[in-house]
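Geometric and topological summary
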Amino acid sequence: MRYNFIHLEETVSTNSYLATHACADDCVVWADYQTAGRGSADNSWERAPGENLLFSMLIHPKEIRPSEQFRISMAISMAMVEALKPLLRDYGGQEGDGDMALLSIKWPNDIYWGDRKMAGILIENRMTGQQISQSIIGVGLNVNQTQFVSDAPNPVSLRQITGCSYDREVLLHSITDRFSLDVDAFEYRQMLYRRRGFFGYRDSKGTFEAQMETVEDDGHLILRDREGWLRKYSFKEVQYLLPTTPTLPTIPTLPTI
């Protein structure tokens, strides 16, 4: 895909900007600061001016049926993972099957490092008849911020992991260059957070332990509980019970790249 890139020093949110300044072609808006950046369900995204990558993509995925819209979520989360892997390869070790041990996608599309959240994604689709006329994909990636002061329970940034500071525009192009709607669903499932083992969850009926069975093509999460029952969830119908946030390693003194 080719995009028109727009850089703003400040905006309310990049998603809101694109919603009110619609592009005829696919475009990307990125900002140094958002005065009211949004996450899913109107959660806010902590933002230190000029330190993190805050951007939104507007695409026109007319070839994707509404029933297939989860492909957009898979596509952006996999683009993020593929862009981050080379930067984090020396910091997480690998599992026996060659997957990155710490970098993962927390269903449906948060980017995690261990049990810490590195990036959040908010997708807003507009339907025209039986077609997705446009999709706005908002991304907040913690890049160079080292102090987090909000009540977010588990943030982490690239710089906290590696000790390096990064050029946000280079990262932006690395992600958008990798974005493709021809995403491999198997690769997405292989990168899922907690894809193996039993962990704690909470739904409307209470807490329970379960292991991940799969994520269906339409985005539903399937868990198998300790009694062997399958539980099916849409987004926001189940909550991950996270462990106590681990202590970050000492940040080494490394050059800016």
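Residues numbered from 1 in each chain as written. Predicted model: local features only at pLDDT ≥ 70, side-chain atom pairs only at ≥ 80, totals over all residues. Heavy atoms only, no water.

1. Brief notes about the packing of aromatic side chains
For the structure shown, the criterion picks out eight aromatic pairs. Measuring from centroid to centroid gives 6.3 Å for Trp-107 and Phe-235, while their planes differ by 80°, and the two rings are edge-to-face. In this pair, Trp-107 sits in the loop between β4 (103-106) and β5 (110-113) while Phe-235 sits in the loop between β11 (230-233) and β12 (239-240), placing the two residues 128 residues apart along the sequence. Exposure remark for Trp-107: the relative accessible area of 4% places this residue in the buried category. The exposure class of Phe-235 is partly exposed, given its relative accessible area of 44%. Plain terms: the ring middles of Phe-208 and Tyr-233 are 6.3 Å apart, the flat faces sit at 15° to each other, and that makes the pair stacked. Linking Phe-208 in strand β9 (residues 206-215) with Tyr-233 in strand β11, this pair joins segments that are 25 residues apart in sequence. What makes Tyr-233 buried here is its relative accessible area of 7%. (Phe/Tyr/Trp six-rings, centres within 6.5 Å; stacked < 30°, edge-to-face > 60°. Helix = DSSP H or I, 4+ residues; strand = E, 2+ residues; numbered from the N terminus. Buried < 20%, exposed > 50% of the residue type's maximum accessible area, 1.4 Å probe, protein only.)

2. Let's talk about the pattern of salt bridges
Summed over all chains, the structure comprises eleven salt bridges. Among the ionic pairs, Asp-32 bridges to Arg-168, the shortest N-O distance being 3.0 Å. Taken together, the positions of Asp-32 in strand β2 (residues 27-34) and Arg-168 in helix α4 (residues 168-178) put the pair 136 residues apart, joining distant regions of the chain. Take Arg-168: its relative accessible area is 15%, and that puts it in the buried class. Of the charged contacts in the structure, one is a salt bridge between Arg-71 and Glu-68, with a shortest N-O distance of 3.7 Å. For Arg-71, a relative accessible area of 22% translates into the label partly exposed. Ionic contacts of the salt-bridge type, sharing partners, join the residues Arg-65, Glu-68 and Arg-71 into one network. (Salt bridge = Lys/Arg side-chain N within 4 Å of Asp/Glu carboxyl O.)

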